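# Chains, contacts and geometry: an overview
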Amino acid sequence: MRSFSYERATSPGAAAAAAAGTANAKFIAGGTNLLDLMKLEIETPAHLIDVNGLALDRIEDTADGGLRVGALVRNTDLAADARVRRDYGVLSRALLAGASGQLRNKATTAGNLLQRTRCPYFYDTNLPCNKRKPGSGCAAIGGFSRQHAVVGASEACIATHPSDMAVAMRALDAVVETVRPDGAARSIPIAELHRLPGDSPEIETTLQPGELITAVALPKPVGGTQAYRKVRDRASYAFALVSVAAIVQGDGTGRVALGGVAHKPWRVEAAEAELPRGAKAVTARLLADAKPTKDNAYKLPLAERALAAVLREARG
Amino acid sequence: MQISGRLELSRRHLLIVGAASLAASSIATPRPAAAQPAATGAPVMTRVSFDVNGETHQLELDTRTTLLDALREHLHLTGTKKGCDHGQCGACTVIVDGRRINSCLTLAVMHQGDEITTIEGLGTPDGLHPLQAAFIEQDGYQCGYCTPGQICSAVAVLAEVKAGIPSHVTADLNAPVRLTNAELRERMSGNICRCGAYSNIAEAISEVAGRSA
């Protein structure tokens, strides 16, 4: 690990200003992904700004009947919150499907959104990776790509976003709240937070340098039957090959987002109009632009079958 | 106030170490704490104090020191094990402010004022924690390397179930949690045992859970 200086932030605005005004600075909250990557020298910050002391660890009711989840709320606490369990079941389920008990106790809401891909070529510093070293190439393309993206990828990168929580939040139309280095606040719909790789896969979000996530707002509950189905190589403590976050209403309408298939949580609102016609029709539309490799083409039928199982369960 | 006094001292230290590189830097640094000693690649030392098993410790550490290394290398509490050092195996599990975490994936400096419990704080050879006794009774290990992490994790799992925290296999998110074998295995999935003593580990935890239920 490279050496770094360290400070404890005193306010969100001061943290954002410090991050923008210090060369190669990074925020640290749970640290479960950042420290892993720092040990491998994939992340090499010269300065860490510890935001754990900021009072961003509460879940509050909002005026419009929703919830505002502080950026530092731990994954365990968000999943276990009685309001989340009752009204946002897809979010509790997605959180509980991710990582281990130890990691969920430390990992934060904002950190979960900003975690980096688990592409094995991103992790292997002996091989080219445009995300790790822009311009060096992509070892996953033409490599062993069964875990990789089937849709929205590019010639530069076929990595997936690893979060389960973000997939549920995409289905819930969550809004990410931030503070910028100049102290101004802004709100970013979660659909616009994560970027597709294009020719700059090293830029993963639309956050500006130094911009700090302070909260994630959940709109008022939409009801319905909510489910998160995750398909992985082992029954627990593994990243998704394919996951489905779904909210299904009594009249057959609903929302669907997929994890494990793209560089961001994958949702196409137009595909949801097909829900009354079943999983095949929905996934045909949702993954219409898919360009799988021979290793990961299985994800297309897997997504359809995972959604079919969710719909069957939801409709009793 | 004692804490902020120590912080000031550490920041002054950072500033002195960083002065040379700061002078050469074209980047505007608005605050002293944003000085950049790390740009030189030299270790950056900082002070931190926390309680381990009821005893307060003050340490001066390289900022890079993980909580795991602070416990093992600086406090010589070697019960907590280093397995993968990447949060995948659970051998380093300790309990911080009542919650189990991977001590390898957190910096010691981030634990100012925290209360940390390691395997050494759970029981003694003459006064075993009920889970330590149950692991012996049920033969819940072979080589023993993962055992301290398994036991710290299990102690926290029982508290999590008592607190009503659901898991991936909990059928009804809005009903009380019962510690079935499936629940136990899911909740312990962050602790790997390469000897494969899982069924006996599950027996040991069930035995204690049944007793305390």
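Here's what I pulled together on the structure shown here. Computed from a predicted structure; not experimentally measured. (Residues numbered from 1 in each chain as written. Chains lettered and ligands numbered in written order. Predicted model: local features only at pLDDT ≥ 70, side-chain atom pairs only at ≥ 80, totals over all residues. Heavy atoms only, no water.)

Time to look at the nonpolar core. Grouped together as the largest cluster of nonpolar side chains are 52 residues, with contacts concentrated most on Val51(A), Leu78(A), Leu91(A), Leu113(A) and Met169(A). Among the elements that make up this core, the one with the highest residue count is helix H9 (residues 165-171) of chain A (six residues). Setting aside residues no more than four positions away along its own chain, Leu91(A) makes contact with Leu78(A), Val84(A), Met165(A), Ala168(A), Met169(A), Leu172(A) and Leu218(A). Core analysis: the second largest hydrophobic core is formed by 25 residues, Leu122(B), Leu131(B), Val177(B) and Cys193(B) among them. (Core = buried A, V, L, I, M, F, W, Y, C linked by side-chain atoms within 4.5 Å. Buried < 20%, exposed > 50% of the residue type's maximum accessible area, 1.4 Å probe, protein only. Helix = DSSP H or I, 4+ residues; strand = E, 2+ residues; numbered from the N terminus. Contact = heavy atoms within 4.5 Å.)

Residues and elements named next belong to chain A. In this structure, His 263 sits in the loop between strand E11 (254-259) and helix H10 (279-286). Within the local environment of His 263, its side chain forms a polar contact with the side chain of Lys 131, the two groups lying 2.6 Å apart. Polar side-chain contacts of His 263 include one of 2.7 Å to the backbone oxygen of Arg 195. Those residues in contact with His 263 that lie beyond four places of it in its chain are Lys 131, Cys 157, Ala 159, Thr 160, His 161, Arg 195, Leu 196, Pro 197, Pro 201 and Glu 204. (Polar contact = N/O pair within 3.5 Å; in protein donor to acceptor, adjacent residues only side chain to side chain.)

Next up on the list: the interface of chain B and chain A. Each partner contributes residues to the interface: chain B has 56 residues there, and chain A has 48 residues. Between chain B and chain A, the buried area comes to about 4200 Å², and carbon and sulfur atoms account for 52% of it. Applying the counting rule to chain B against chain A returns two salt bridges. If you look at where chain B meets chain A, you find 25 residue pairs in polar contact (both at pLDDT 80 or more). Every element with two or more residues in the side of chain B that touches chain A is listed here: helix H1 (2-24), strand E4 (99-102) and helix H5 (147-162) of chain B. With four residues, E4(B) is the largest single contributor of residues to the side of chain B that touches chain A. Grouping the amino acids of the side of chain B that touches chain A by side-chain chemistry returns 24 nonpolar, 23 polar and nine charged. (Buried area = accessible area lost by both parts, 1.4 Å probe. Salt bridge = Lys/Arg side-chain N within 4 Å of Asp/Glu carboxyl O. Nonpolar A, V, L, I, M, F, W, Y, C, P; charged D, E, K, R; others polar.)

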